[in-house]
Every structure is written in C-alpha cells, then in structure tokens.
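So the chains spell out like this:
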Amino acid sequence: MEKLEQDVLRGASKNLPVGLWRYSFASISPPDSELESYTKKVDAIKEKVKDMLIQSTKELAYNIEFIDLLCRLGVSYHFENEIDSQLNHIFSILPNVLENKKYELYTLATLFRVLRQHGYKMTSDVFKKFKGKDGEFKINDVKGLLCLYEACFLAVHGEDILDEALCFTRKHLETVAENSSPHLQKHIRNALILPCHHNMERLDALHYISFYEADESPNITLIKFAKLDFNRVQLLYRKELALLSTWWKDTNVVESLRYARDRVAEAFIWAVGSIFEPQYSLSRTILAKHVQLESVVDDTYDTYGTMDELNCFTPAMERITTDGIDELPEYMKFLHSCISRIFEGTRNDVTERSSYKASYSNEMLKELARAYLVERSWQNNVGEAPSFDEYMEVGRVTSTFDFVTSAVLQGMENIGIKEIIWVRNNPPIVDATKFFGRLMNDIAARKDETKREDFPKGIDCYMKQYGVSRPEAIEGILRLLDSKWKDMNKDFLKPTTVPKILLKYTFNFARMSMVYYIGTDLFTYESSSKELIESMFIKPLPI
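Rules of the game
Residues numbered from 1 in each chain as written. Predicted model: local features only at pLDDT ≥ 70, side-chain atom pairs only at ≥ 80, totals over all residues. Heavy atoms only, no water. Helix = DSSP H or I, 4+ residues; strand = E, 2+ residues; numbered from the N terminus. Buried < 20%, exposed > 50% of the residue type's maximum accessible area, 1.4 Å probe, protein only. Contact = heavy atoms within 4.5 Å. Salt bridge = Lys/Arg side-chain N within 4 Å of Asp/Glu carboxyl O. Phe/Tyr/Trp six-rings, centres within 6.5 Å; stacked < 30°, edge-to-face > 60°. Lys NZ or Arg CZ within 6 Å of the ring centre and 35° of its normal. Axes fitted to C-alpha atoms, helices over the stretch in contact; angles between N-to-C directions. Parallel < 35°, antiparallel > 145°, perpendicular 65-115°, else oblique. Left-handed = near helix turned anticlockwise from the far one by under 90°. Core = buried A, V, L, I, M, F, W, Y, C linked by side-chain atoms within 4.5 Å. Patch = residues over 30% accessible without salt bridge, like charges linked within 9 Å, V, L, I, M, F, W, Y side chains within 5 Å. Areas by Shrake-Rupley, 256 points an atom, 1.4 Å probe, with all protein chains shown as cover.

J.: Explanation requested: the environment of Glu318 in the structure shown.
T.: With respect to the helices and strands, Glu318 occurs in the loop between α14 (307-317) and α15 (330-349). You can call Glu318 partly exposed: its relative accessible area is 33%. For the pair formed by Glu318 and Glu363, sequence separation is 45 residues and the distance between their alpha carbons is 8.1 Å. Once residues within four sequence positions are removed from consideration, Glu318 is found in contact with Lys366 and Arg370.

Below you can see the structure in the form of structure tokens.
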C-alpha cells in the first residue's frame, strides 16, 4: 500500500478539483412507501389526462398543442401509443388539412416541430406564406416567433427557409427579451441558450413546468400531473443514485487513486439525460458506472500516467485476467483489477442471454484505451498537432459514444446484435453525435486551458488544417456542429431501421454534450453542476 500511495501522490500537482459530494448520496434513498404514495397519486390523475388527450382530437390545433404540452412538461412517455396513433392520423390527412384551413404561425410551427420530433417529415414550405414580397419574414406575434425559432432546429439539409427563419427569429427574440416581463424574458433567454430540441429532456421539462405554471390560463390538472410525476421520478433517481454511491464507495477508487475525478453524481446526471424514462433503470445505472469508470481511465491517460507506464497499461487492458500485469506500477494494477471487477459485476446484473453485450462493452473499452494512448502521444509532442481530419478519426472513439452506448444496450433486453451492428456501422446520426461528444468537450476545455495540460484539442487541429485563428476555428467548428444536427434530424425521420429508443438515446448523447460543455466543463468542475444535481435529485417541486 505504501508504494501505491507514492504512485498516487506523484501527480499531486495535476490534481483536478476534489469531489463535492463524495458518498453523501448513499444515505438519501427514500423509503418505498414514499415512492408508492407518489405512484398512486400519479395513477389517479393519469386517466384524466388520457381522457383529455383523446378529447383533444376533435380539433387539430388543440390536439397538437395538447400533445406538445405533454412533451414539454415531461409526461408524454405515459401516452406513447396514443400520441403515435394520433400523430400518424394527423400526418396522413395533413395535405388536405393544410389546403382547406388557414392556421396561424403558432399552430403551424408547433405542428411542424411536434411531427418532426416524432419522425414525420412535414414540409417546411408552410412557412413561406409568412414572408413579404421583399422575401423577408413579417411576424409580429411573439408566441409564434418563439415557436418558429424552436421549430428551426428540426431542419434538414436544403431547407434554406428554416435557416433564414432562424436568423430572423434569433435576432428579434433578443430584442423581445429585453422588453418582456421577467417571466417571459427568462423563458426566451433559456431558449436562446439551449432550444428545447438541444436540451436535456428532464431539464427542459423542469424549466417548462415553471414557465407554464405562470401562464395566464394553465391547465391545472396538467400542472399537478407534471409536478407529481417529476417528484415521483426524482425519488426513483434518488434510489438509483444511492445504490450507485454505495457501489462507488465499495470500489475504493477515491481513496486509492487520488488523481481521478470523483464524479458519480455527474455520471448519473449524464445517464438520466441519456435515457430518463423510469423503465430503463438498469440501463441508467450501468451507464453511470461506465461513465465514472471511463473518467478514471481518461484521467490516467490524460493527466497522470507516464508514456512508459501507459505503453505497458494499454496492452494489459487487452486482457481481462490479471495475468501478465506484474510489470505495471501498483496504481495501475489496482485500476486493472477494478475494471475487471466492474465488468464482472455488470455481467451479474444482466440476463445470461445478454452476457455477450458485456463482452462487447469490454472490447469498446479496449478500443477507447488505444485511442487515449494516441491522444497522449500527441500531447507529448508539444506543438505538433495532427490535422483536424486525423484528430477526428481518433476523436470519434474518444467521444466515448461507442463505449457508453455499449453500457446502455446491456440494460435493454429488446436490443441485440442487429442494433450493435448498426452502431458500429457508424450511420450519419451516430457519426454526428460523436462530433458533439468530442468537440463540445474540446471547446469547454480550451476555455479553461490554463488548468489542464491537454494539447492538442480539436480547435488546435482545426487551426492547423485550415490556417485560421482560434476564434475562427471555434466559429468553424460550431458551423460544422450545426450541420451535424441536420444529419441527425434526417436520420430520425421515418422509416427507420432501429428502435426509436436507440435513435432518441443517440440524440440525447449530443444533447448532454451541449448541456455539459456549452459553458464550462460541468463534469470536471463540480461547483458548476451543483444546481443541476440538486434540482434533478434533491429538491422536489412544490405541489
């Protein structure tokens, strides 16, 4: 143990911020009776809301607005079959409806966004009538303006009218916000930072519940249902986080590898953002474990291990057993043993029929380690950045999408070999989300570059390949990511070849990259994520 402590203390100068929460969440698991009480209250209102949904079909404008409310309030997962059936019907009659009725901008923009969010390709030509003879948009309705802005983020390539609408609405919403009530101002500014299509679903629901409750005439039943359900799901998350905290404590990583980030709560936030629905509890917990594990491996390669050590550790990662690892320093022996125990524990969590998924996940970690070694070799050659294209060949792997997705799949019995092959074939929607995972992290890291020794990043490589300044490189990367959103939007449209939940999860990976890295690095610097963690896991909504 003395040698292990020497290994760990060796890199004290590179230490990242100490964990804020440690194991405090291990003791916050609510009693089953509290969760059961909330479940009964939710179920008592659920049938009333279902009846409202059915009744809303009498008028298309009201129907689509009600469906949108269920989505924005975070409760649409209760009525997936009913909503899919209603939207399928709406889409089938849409040409006739649009020809015979003149809808206002708010209704058309809501209809467009909701249909696109569910995979139906409604034409963007419906917005042409809101342009004047000079080709400029003529919109004075704030509600419609905001709704059109949100709809623009569902664009695919070639929809120039939505690109124009985005520029127009963004400019005018900034002006509107300055002259609005504090209630509307906050809502607009949240949307300008992260539109709902780019936001973490639970966070967007939390914001929208607050906004809608202060509306002039909110549906009181819906508000109560949304709040009760948010609190019910929060209790479930708290139980899951308590179990994760106990598991993390039992690994003894925090005490043994003091250089590693202690971020189990942040890892669980990522898991919730990736797949929030209550029925995917197993996928969430496995995912959170893998995110925390990946963080420790990343810190080993990025900030602590020497090149000589890492050149020995990477081949050792190819072996599940401890055979042949005697040449490793003590801290790496501990980490190798910890990885083996974690994968063995995951195998015990899943059914025997799904054990091959654990093996697949292990292979993805090996692939990730090899990519981390390449990045570390670049880091050691100070000033010698690869081209942006070369960087992203490796960056697609170090985005961690393949590794953490392998964790999610382990918790889904209805997902198998076909879906794994789909992920590995790297379709545009998957490739795009890898760009978000790598490049949003890089942009956040460069904002705080004085605290980390991690040259080169994507920005440096973009500067080299295209001969531009740093601000120009950031602007170019953000334009590239805007294009990637359109790739993702296109791949989400029907018909699709894999289950909707996998497509949605893929989107959510990109969304979490936006949430975690749009400002500072929320994963690394815990003080920045404190409010998010408290709102998701600690503070219930007042009923």
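J.: Even after reading the chapter, I still don't get unusual backbone geometry, so can you show me in this structure?
T.: Most peptide bonds adopt trans geometry, and most residues besides glycine take a negative phi value. That bond from Lys494 to Pro495 is cis: its omega, -5°, falls within 30 degrees of zero. With respect to the secondary-structure elements, Pro495 resides in the loop between α22 (470-492) and α23 (500-517). Of note, the phi angle at Thr400 is positive, near 75°, even though the residue is not glycine. Examined against the element boundaries, Thr400 turns out to sit in the loop between α17 (388-398) and α18 (401-410). Relative accessible area serves as the criterion here: at 10%, Thr400 is assigned to the buried category. A positive phi is found at Asn426, a non-glycine position, where the angle reads about 55°. Turning to its location among the elements, Asn426 is positioned in the loop between α19 (417-424) and α20 (428-447).

J.: Help me understand the environment of Arg72, please; the structure alone is not making it clear to me.
T.: Looking at the secondary structure, you find Arg72 in helix α3 (residues 60-72). Overall, the relative accessible area of 9% leaves Arg72 in the buried class. Separated by 136 residues in the primary sequence, Arg72 and Tyr208 have C-alpha atoms spaced 6.3 Å apart.

J.: Help me out: how do you make sense of the pattern of salt bridges in this one?
T.: Two side chains with opposite charge may pair up if their charged atoms get near one another. In the structure shown here, the tally under the stated rule is 34 salt bridges. One salt bridge in this structure joins Arg424 and Glu367, with 2.8 Å as the shortest N-O distance. Note that Arg424 is positioned in helix α19 and Glu367 in helix α16 (residues 355-380), a separation of 57 residues in sequence. Taking relative accessible area as the criterion, Arg424 reaches 37% and is therefore assigned partly exposed. A relative accessible area of 18% places Glu367 in the buried class. Residues joined by salt bridges that share partners form a network here, namely Glu367, Asp402, Arg424 and Lys434.

J.: Got a minute to help me understand the packing of aromatic side chains in this structure?
T.: One pair of aromatic rings is described through two measures. These are the centre distance and the angle between the planes. Tallying each qualifying case throughout the model produces 30 aromatic pairs. Relative to Tyr304, the ring of Tyr259 has its centre 4.1 Å away and its plane inclined at 5°; by these criteria the two rings are stacked. Separated by 45 residues along the polypeptide, Tyr259 in the loop between α11 (253-256) and α12 (264-274) and Tyr304 in helix α13 (residues 281-304) bring together distant segments of the chain. Across the pair, exposure class does not vary: Tyr259 and Tyr304 are buried alike. Consider the rings of Tyr301 and Phe313, whose centres lie 6.1 Å apart with planes at 55°: the pair is tilted. With Tyr301 in helix α13 and Phe313 in helix α14, this pair connects stretches of sequence that are 12 residues apart. Under the relative-accessibility criterion, Tyr301 is labelled buried at 1%. Looking at Phe313, the relative accessible area reads 0%, which means it is buried. Through a chain of ring-to-ring contacts, the aromatic side chains of Trp270, Phe401, Tyr505, Phe509, Tyr516, Tyr517 and Phe523 assemble into a single cluster. Sitting above the plane of the Tyr106 ring, Lys143 keeps its charged end 4.3 Å from the centroid. Geometry around Phe435 places Lys484 over its ring, the cationic atom sitting 4.1 Å from the centre.

J.: Explanation requested: the packing of α16 against α17 in the structure shown.
T.: The axes of two packed helices give the description: the angle between them and the distance between them. Running from N to C, α16 and α17 cross one another at 140°; their axes reach a closest spacing of 8 Å. The pairing of α16 with α17 is recorded here as oblique in orientation. Viewed along their axes, α16 and α17 form a crossing whose handedness is left-handed. Here Glu367, Leu368, Ala371, Tyr372, Val374, Glu375 and Trp378 of α16 come into contact with α17, specifically with Glu390, Tyr391, Val394, Val397 and Thr398.

J.: When you look at the packing of α12 against α23 in this model, what are you seeing that I'm missing?
T.: One can describe the packing of α12 onto α23 by two numbers: an axis separation of 8 Å at closest approach and a directional angle of 135°. Of the possible angle classes, the one that applies to α12 and α23 is oblique. Read as a crossing pair, α12 and α23 show a hand that is right-handed. Listed contacts from α23 to Glu266, Ile269, Trp270, Gly273 and Ser274 of α12 are Tyr505, Asn508, Phe509, Met512, Ser513, Tyr516 and Tyr517.

J.: Sorry if this is basic, but what is going on with the side chain of Asp68 here?
T.: Inspection of the secondary structure assignment puts Asp68 in helix α3. On the basis of relative accessible area, Asp68 is assigned to the buried category, the value being 6%. If near-sequence neighbours (up to four positions away) are discounted, Asp68 is found in contact with Thr110, Arg113 and Val114.

J.: Just checking my understanding: could you explain the nonpolar core for this structure?
T.: The nonpolar side chains of soluble globular proteins are, as a tendency, buried together. Counting 186 residues, the largest nonpolar core has Phe127 and Tyr516 as the members making the most contacts within it. Apart from residues no more than four positions distant in its own chain, Phe127 is found in contact with Leu105, Leu108, Ala109, Phe112, Phe137, Leu148, Ile161 and Leu162.

J.: I would appreciate a short explanation of a nonpolar patch on the surface in the present structure.
T.: Nonpolar side chains collect at one region of the surface, where Tyr356, Ile417 and Ile421 lie side by side and expose about 270 Å² of accessible area between them. Looking at the secondary structure, you find Ile421 in helix α19. The exposure class of Ile421 is partly exposed, given its relative accessible area of 46%.

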